[in-house]
Amino acid sequence: PSRSAVVLSAIMLLTQKATSLALDVHEGTVTLQPSQGLLQRALPLCSYLLFFPALLGGPLCSFRRFQAQIEFSGTSYHPLGAAGQRCLCALALQVLHAGLEGQLATMQGCTGLSCVCSMWTQALIFKLAYYSHWVLDEALLEAAGFGPEAGQGDLSGSDLWILETTNRVAVFARTWNKSTSRWLRRLIFQRCPAQPLLATFAFSAWWHGLQPGQVFGFLCWAIMVKADYRIHPFLRARAASHGAKFLYHGATWLFTQLIIAYILVAVETESFSELRLLWTSYNSILPLSYSLALLLLLTKKPKQN
């Protein structure tokens, strides 16, 4: 039910904020004044952790940004106008979402390439739902007086453009749910001594709930990102002419869109039987091809990214 989903989301965001604050204190970017009393030190921290606009849906707001905004007394920023624009954007996304949802055909009983179209449409519906949710979250922060901070939100116009036009699975992974991506990079990727990429996606699967679709989807995502780092330098080195470069960008954009659609549908799958339908469909050909290409290119040293 929706009430359980809201509670689970709040717990996940509270976990993000608590661990982010703990890292800030550990790294010395946030200091606790020993001269202050216990209540004086605890009150700002508790206020940050329980700040409800960010707790309802995100994005992850750093303690330093929260503290600076609370202490700011200027009047040059007008939050309602910016929040209204984001609400209109969310409304447009919801209208598009409702229109596509009425045309959705399930993968049950589909055959051949029709399964690919069904998967792509289903993934686009999921993406539109996430986009509108993130835009509304940003609007709530705007209305609370938290102005935009460059590169710190979950979704901006440039982010939306990158997500829908990138030909790199790795770029999509860094841009998707940006504040959570930065949090995972800081918490796991930069601190794991071995296989940080796999550890980051495995932790993300555990953090999201360890459902079969989530485990499969996030581990598949890790393999696809690893393959992405190997495949693109290999293909770019062979795309010398303008026509070859155009073909390279067009084909890899299509591959990226299909792979991301496959991952999103897998992560959102709630039953093992539906996940098995995805495995046995034509949609698995491209992820399997990327996995095979990764195995073949493992002997080649990738360029530093």
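- Under an unreviewed UniProt entry, the protein chain has the name Ghrelin O-acyltransferase and belongs to Struthio camelus australis.
- The Subcellular location (unreviewed entry) comment attached to the protein chain in UniProt states, word for word, "Endoplasmic reticulum membrane".

**Let's talk about the overall build of the protein chain**
Inference 1: On a plain count of helices and strands, the protein chain comes out with 14 helices and 0 strands.
Inference 2: By the burial criterion, 39% of the 305 residues in the protein chain qualify as buried.
Inference 3: When contacts within the protein chain are restricted to residue pairs at least 6 apart in sequence, long-range pairs at least 24 apart make up 75% of them.
Inference 4: Put simply, the protein chain shows about 17,000 Å² of open surface, and 66% of that area lies on carbon and sulfur atoms.

**Things to note about a nonpolar patch on the surface**
Inference 1: On the surface, a nonpolar cluster with roughly 420 Å² of combined accessible area is contributed by Leu292, Leu295, Leu296 and Leu298.
Inference 2: With respect to the helices and strands, the residue Leu296 is situated in helix H14 (residues 285–297).

**With respect to the packing of helix H5 (residues 79–101) against helix H6 (residues 113–143)**
Each packed pair of helices is defined by two parameters, the angle between the axes and the distance between the axes.
Inference 1: Taken N-terminus to C-terminus, the directions of H5 and H6 make an angle of 165 degrees; their axes are 8 Å apart at the nearest point. Put simply, H5 runs roughly antiparallel to H6. For H5 against H6, the interelement crossing comes out left-handed.
Inference 2: Taken together, the residues of the contact of H5 with H6 break down into 18 nonpolar, 3 polar and 4 charged.

**Focus: the UniProt feature "transmembrane region" (unreviewed entry) in the protein chain**
Inference 1: As recorded in UniProt, the sites labelled "transmembrane region" (unreviewed entry) are residues 246–265 and 277–298.
Inference 2: Taken end to end, residues 246–265 has its terminal C-alpha atoms 29 Å apart, with 100% of it in helix and 0% in strand.
Inference 3: As a span, residues 277–298 carries 73% helix and 0% strand, and end to end its C-alpha atoms are 30 Å apart.

**A closer look at the nonpolar core**
Inference 1: Residues Tyr131, Trp176, Phe201, Trp221 and Val225 are the most contacted members of the largest nonpolar core, which totals 43 residues.
Inference 2: Excluding its chain neighbours within four sequence positions, the residues that come into contact with Trp176 are Lys127, Tyr130, Tyr131, Trp134, Leu163, Ser181, Trp221 and Leu264.
Inference 3: Residues Tyr48, Phe51, Cys61 and Trp183 belong to the second largest nonpolar core, which totals 19 residues.

**Quick word on the environment of Trp120**
Inference 1: Looking at the element boundaries, Trp120 is found in helix H6.
Inference 2: Sequence-wise, Trp120 and Ala261 are 141 residues apart; in three dimensions their C-alpha atoms are separated by 5.6 Å.

**As for unusual backbone geometry**
Inference 1: Even without being a glycine, Asn177 presents a positive backbone phi close to 50 degrees.
Inference 2: Of note, Asn177 is situated in the loop between helix H8 (169–175) and helix H9 (178–189).
Inference 3: By relative accessible area, Asn177 is classed as buried at 17%.
Inference 4: The phi dihedral of Gln195 is positive, around 50 degrees, even though this residue is not glycine.
Inference 5: Among the secondary structure elements, Gln195 is positioned in the loop between H9 and helix H10 (196–208).

**Re the pattern of salt bridges**
Inference 1: In this structure the tally under the stated criterion is 7 salt bridges.
Inference 2: Of the charged contacts in the structure, one is a salt bridge between Asp228 and Arg168, with a shortest N-O distance of 2.6 Å. Placement of the pair is Asp228 in helix H11 (residues 212–236) and Arg168 in the loop between helix H7 (157–165) and H8, with a sequence separation of 60 residues.
Inference 3: Since its relative accessible area comes to 0%, Asp228 is described here as buried.
Inference 4: Three or more residues are tied together by salt bridges with common partners; here these are Asp24, Glu27, Arg186 and Arg191.

**A look at the confidence of the model for the protein chain**
Inference 1: When pLDDT is averaged along the protein chain, the result is 85, and 89% of the positions lie at 70 or above.
Inference 2: Taken element by element, the protein chain is modelled with least confidence in helix H3 (residues 52–57), mean pLDDT 75, and with most confidence in H8, mean pLDDT 95.

**Topic: the side chain of Lys17**
Inference 1: Mapped onto the fold, Lys17 is located in helix H1 (residues 2–27).
Inference 2: Put simply, Lys17 is tucked away with no salt bridge, and the nearest opposite charge, on Asp24, sits 11 Å away.
Inference 3: Discounting chain neighbours no more than four positions away, the residues touching Lys17 are Tyr48, Leu49, Leu50, Phe51, Ala54 and Leu60.

Conventions and cut-offs
Residues numbered from 1 in each chain as written. Predicted model: local features only at pLDDT ≥ 70, side-chain atom pairs only at ≥ 80, totals over all residues. Heavy atoms only, no water. UniProt positions renumbered as here; feature names shortened; annotations may be inferred. Helix = DSSP H or I, 4+ residues; strand = E, 2+ residues; numbered from the N terminus. Buried < 20%, exposed > 50% of the residue type's maximum accessible area, 1.4 Å probe, protein only. Contact = heavy atoms within 4.5 Å. Areas by Shrake-Rupley, 256 points an atom, 1.4 Å probe, with all protein chains shown as cover. Patch = residues over 30% accessible without salt bridge, like charges linked within 9 Å, V, L, I, M, F, W, Y side chains within 5 Å. Salt bridge = Lys/Arg side-chain N within 4 Å of Asp/Glu carboxyl O. Axes fitted to C-alpha atoms, helices over the stretch in contact; angles between N-to-C directions. Parallel < 35°, antiparallel > 145°, perpendicular 65-115°, else oblique. Left-handed = near helix turned anticlockwise from the far one by under 90°. Nonpolar A, V, L, I, M, F, W, Y, C, P; charged D, E, K, R; others polar. Core = buried A, V, L, I, M, F, W, Y, C linked by side-chain atoms within 4.5 Å. pLDDT = per-residue confidence, 0-100. Lys, Arg positive; Asp, Glu negative; His and termini not counted.

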